[in-house]
Amino acid sequence: MIRFEPREHVSSTYAFLVPVIAGIAALALAAIPISAAGADVQGAFIAMAKGAFGSPFAISELLARATPLILTGLAASIAFKAKLWNIGAEGQLYVGALAAVAVGSGAIAAPPYIMIPLIIAAGMMAGGTLMLVPTLLKTKLGADEVVTTLLLNFVVLLFVQMMLEGPMKDPMGMGWPQSEPISAAATLPKMFPRLRVHWGLVIALVSALIVFIIMTRSVWGFEIRATGENVSAARHAGIPVTATYVKVGLLSGALAGLAGVSEVAGLKGYLTADLSPGFGYTGIVVAMLAGLSPLGVVAAAIFIAAVFVGADSMSRAMGVSNYIADLIVALSLLCVLVSGLFVRFKVRFVRPKLPKKKEAEEF
Amino acid sequence: MEYVDILTSASFWAAAIRIATPLIFGVLGALICERAGVLNLGIEGIFVVGAMTGWMAVWLGADLWTGVAVAAGCGAVFGLLHGILTVPLGLSQHVSGLGITLFATAVSYFTYRTALPNVSSPPRIEAFQPLDVPGLSDLPFIGPALFQQTPMTFLALALVLVVGFVLYRTPLGLAIRAVGDNPAAVEAQGLSVYGLRIGAVMVGSALMALGGAFLTMSAFDAFFFGMINGRGWICIALVVFASWRPGKALLGAVLFGAFDAFQIRLQNEVGGAIPSQIFLMIPYVLSIVALVIVARKADYPRALLQPYFRGQR
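So, how was this worked out
Residues numbered from 1 in each chain as written. Chains lettered and ligands numbered in written order. Predicted model: local features only at pLDDT ≥ 70, side-chain atom pairs only at ≥ 80, totals over all residues. Helix = DSSP H or I, 4+ residues; strand = E, 2+ residues; numbered from the N terminus. Buried ≥ 20, exposed ≤ 12 C-beta atoms within 10 Å, placed from the backbone. Contact = placed C-beta atoms within 7 Å. Rg over C-alpha atoms; globule rule 2.2 N^0.38 Å. Nonpolar A, V, L, I, M, F, W, Y, C, P; charged D, E, K, R; others polar. Axes fitted to C-alpha atoms, helices over the stretch in contact; angles between N-to-C directions. Parallel < 35°, antiparallel > 145°, perpendicular 65-115°, else oblique. Left-handed = near helix turned anticlockwise from the far one by under 90°. Expected span 1.5 Å × (residues − 1). Arc of directions from axis to C-beta. Core = buried A, V, L, I, M, F, W, Y, C linked by C-beta atoms within 7 Å. pLDDT = per-residue confidence, 0-100.

Novice: Run through the overall build of chain A, naming residues and quoting values.
Specialist: Secondary structure assignment for chain A yields 14 helices and 2 strands. Reported as C-alpha extents along the three principal axes, the dimensions of chain A are approximately 80 × 60 × 35 Å. The burial tally for chain A puts 52% of its 363 residues in the buried class. By sequence separation, contacts in chain A at least 24 residues apart represent 79% of the contacts at least 6 residues apart.

Have a look at this one:
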């Protein structure tokens, strides 16, 4: 019989090992579908590693892919820390990008030091405002935010498609449903010539640092953690729970919106309805892999980005479907959940014996 | 008045029931899981699994009902995984469910792409045809609306009765409802909380997979990426709207189907005056509204989301 005993003290080594073990386990499990697809497993993993880390170009692609994932990962981590289940980062990312395009594609002419802060503010406000809706529906009316945020993703994507086929369609876009391009002044510059990694990465890293400071060094961070650990206890202790949810919702939505700004102004240059291949949802995996730690999010985002970029390149070389990347990402989430158990609990194998009342109470 | 004409036409109600069918499966499935105390956010991915595996079984040569059974079985396997993670291991039902959705979707897409690497248009199968019930199909209005549906719709309607009967009229149903309200009391009766919960999640997941299978084997005859398109999440909202009762679940799903069928017809009437996306948003907005309306008085199963460990009081 297997018994779980809660650990009194969770060592930081274990906390660090959990996501590492989960990532390795997910990659190992991915060997099954890769070999089922008829590919050479060892060769596939080598191709993935080369595709993700093998050249300056690969590393630039990796970091460009990690940029939105850091931001959506932060959005999920801060919300989940308060147990506000924001599954709507995908929609918040899109409204952020939409706001950035609305402001930054020629409506206002100003130098970059005004334009870039302006589109960032517009995108963050749009994302935060969108998340405010389900947050208030939760706090005022008791509607479950999981379902409302999920469903809003579909509404927002349709709204974006409507805008791109209607009022915000680029008249010079050859009839494609895309927005006008972001003006040169509002574009986030590339960090190196001929490589796609852009200053959005720095914005994402600074955001991670700010969220880290908020979570660990501020009263507000304490309120967020207390609310997430036990709402009624937090309320008893006089923590303004509703205000905490609202602030968390605003910040979480704003971070996801910032991811949209960074993608549209740093990488793509204009908005299309396929801007994000599910960055909002993948952000949840990033946050969980990071154990909801803001700095851990950076490492987790780089790992997940490596999986995507590496799998893309391996897929081209070996003909294994690049859905293998989504499979590895999903497996990492399930593996990190399970391996998390070993941090919080000691697993004891005990010989089955008749349950005694006292023992039962110990659990 | 043309809108009244729409509402009184048999073809409108036939469409409403057709649109409602996958939701009936999904809502019943989610209802069984939640009645046992387990939220199953794997639903969206399990829909994909059901749609893909049912279709693929038939495409590989199985007959249609074998395909339905394959879909249900594959759904149950993912249910088992969610059950193990959330019941004995007591992991977060939210996160595990989302993980199941990501995993189930990725497995389905990967399998489909690997089996059919170079298809330009999705291969078709010989799907379920409308069942011609002698006598009943010829009835005016009710005949075309209700009795020219495919067999899977009748299966869904029958399952409403079965689930209602089992939940409210059998000791097993009593145990399932109790395990979602007060697991300690169930254990005190000498029943296995783990067994009941995992079993309920597996059965519920099998039903969710049937909802997906209906789409590829009855409503359409092929599998498309992204074809589930939030239907699973809509079911999660409808369960709350139905206050966890099978009869109300049927009502909610058909009402939803009617709204959706109405919006499709309205779209044809209005033509290009209003962007089509506005109409396409309606189902999602409607689900949010339905959830908000009932949220305050929603009587959640009391032990929903609460893990239970053996011997805990």
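Moving on, there is more to tell.
Novice: Help me get a handle on the overall build of chain B, residues and values and all.
Specialist: On a plain count of helices and strands, chain B comes out with 13 helices and 0 strands. Going residue by residue from the N terminus, the α and β elements of chain B occur as α-α-α-α-α-α-α-α-α-α-α-α-α. Computed over the C-alpha atoms, the radius of gyration of chain B is 20 Å, within 12% of the 20 Å expected from 2.2 N^0.38 for a compact globule of 313 residues. Over its C-alpha atoms, taken along the principal directions, chain B stretches across nearly 60 × 45 × 45 Å. Across the 313 residues of chain B, 50% fall into the buried class. A separation threshold of at least 6 residues defines the contact pool for chain B, and within that pool the share at least 24 residues apart is 79%.

Novice: Help me get a handle on the interface of chain A and chain B, residues and values and all.
Specialist: Counting from both sides, the interface comprises 40 residues of chain A and, opposite them, 37 residues of chain B. Those elements that place two or more of their residues in the side of chain A that touches chain B are α5 (112–141), α6 (145–165), α11 (279–289) and α13 (323–344) of chain A. For the side of chain A that touches chain B, the leading source of residues is α6 of chain A, giving 12 residues. In terms of residue class, the side of chain A that touches chain B is built from 32 nonpolar, 5 polar and 3 charged.

Novice: With reference to specific residues and values, describe the packing of helix α11 (residues 231–241) of chain B against helix α12 (residues 246–270) of chain B.
Specialist: Residues and elements named next belong to chain B. Viewed as axis vectors pointing N to C, α11 and α12 meet at an angle of 130°, and their least axial separation amounts to 9 Å. Classified by the interaxial angle, the pair formed by α11 and α12 is oblique. Crossing handedness for the pair α11 and α12: right-handed. Within the contact between the two elements, α11 uses Leu238, Val239 and Phe241 and α12 uses Ala249, Gly252, Ala253 and Phe256. Taken together, the residues of the contact of α11 with α12 sort by class into 6 nonpolar, 1 polar and no charged.

Novice: How would you explain the packing of α6 of chain A against helix α13 (residues 276–295) of chain B if you had to name every residue and give the values?
Specialist: Where α6 of chain A meets α13 of chain B, the axes come as close as 9 Å, and the angle between the chain directions of the two elements is 160°. Judged on the interaxial angle alone, α13 of chain B and α6 of chain A are roughly antiparallel. As for the relative orientation of α6 of chain A and α13 of chain B, their crossing is left-handed in sense. The residues of α13 of chain B that touch α6 of chain A, namely those facing Val147, Thr148, Leu151, Phe154, Val155, Leu158, Phe159, Gln161 and Met162 of chain A, are Gln277, Leu280, Met281, Tyr284, Val285, Ser287, Ile288 and Leu291 of chain B. Here the residues of the contact of α6 of chain A with α13 of chain B sort into 13 nonpolar, 4 polar and no charged.

Novice: Quick one: what's the story with helix α7 (residues 200–217) of chain A, residue by residue and with numbers?
Specialist: Residue and element names in this part refer to chain A. Counted at 1.5 Å a residue, the expected span for α7 with its 18 residues is 26 Å, and the 25 Å between its end C-alpha atoms agrees. Those residues of α7 that fall on the buried side of the exposure criterion are Gly200, Leu201, Ile203, Ala204, Ser207, Ala208, Val211 and Met215. All buried residues of α7 lie within an arc of 155° about the axis, which places them on one face of the element. Residues Val206, Ile213 and Arg217 are exposed on α7 and point more than 90 degrees away from its buried face.

Novice: Which residues make up unusual backbone geometry, and what values go with them?
Specialist: Positive phi is not limited to glycine here, since Lys83 of chain A has a value of about 55°. For Lys83 of chain A, the position within the fold is in the loop between α3 (56–81) and α4 (89–104). The phi dihedral of Asn229 of chain B falls on the positive side, at around 50°, and the residue is not glycine. On the secondary structure map, Asn229 of chain B appears in the loop between α10 (193–219) and α11. Owing to 16 C-beta atoms within 10 Å, Asn229 of chain B belongs among the partly exposed residues under this scheme.

Novice: Summarise the nonpolar core; cite the residues concerned and give the values.
Specialist: Counting 231 residues, the largest nonpolar core has Leu98 and Ile304 of chain A together with Val27, Ala237, Leu238 and Val239 of chain B as its most contacted members. With 16 residues, the top contributor of residues to this core is α10 of chain B. If we ignore the near neighbours within four places in the chain, the residues touching Ala237 of chain B are Val147 and Leu151 of chain A together with Ser287, Ala290 and Leu291 of chain B.

Novice: Now, about the confidence of the model for chain A: what can you tell me, with residues and values included?
Specialist: The share of residues in chain A with pLDDT of 70 or more is 94%, and the mean pLDDT across the chain is 91. Note that pLDDT drops below 50 for residues 356–363 of chain A; the model gives that stretch 5 contacts with residues more than four away or on any other chain.

Novice: Pulling in residues and values, what's your account of the environment of Leu250 of chain B?
Specialist: Tracing the chain through its elements places Leu250 of chain B in helix α12. Ignoring sequence-local partners within four residues, the contact set of Leu250 of chain B consists of Ile24 and Val160 of chain B.

Novice: How would you sum up helix α5 (residues 93–115) of chain B? Please name residues and give values.
Specialist: Helix length check: α5 of chain B (23 residues) gives 32 Å between terminal C-alpha atoms against 33 Å at 1.5 Å per residue, within 8%. Taking burial as the measure, the 23 residues of α5 of chain B include 19 buried ones, the bulk of the element.

Novice: Which residues make up the environment of Ser60 of chain A, and what values do they have?
Specialist: All names here are of chain A. Position of Ser60 relative to the elements: it lies in helix α3. Overall, Ser60 belongs to the buried group, with 20 C-beta atoms counted inside 10 Å. Taking C-alpha positions, Ser60 is 9.0 Å from Phe192, a pair spaced 132 residues apart along the chain. Dropping the residues within four chain positions of it, Ser60 is found in contact with Phe192, Leu195, Arg196 and Val197.

Novice: Kindly report on the environment of Phe154 of chain A, identifying the contributing residues and their values.
Specialist: Position of Phe154 of chain A among the secondary structure elements: in helix α6. Using a count of 21 C-beta atoms within 10 Å as the deciding quantity, one classes Phe154 of chain A as buried.

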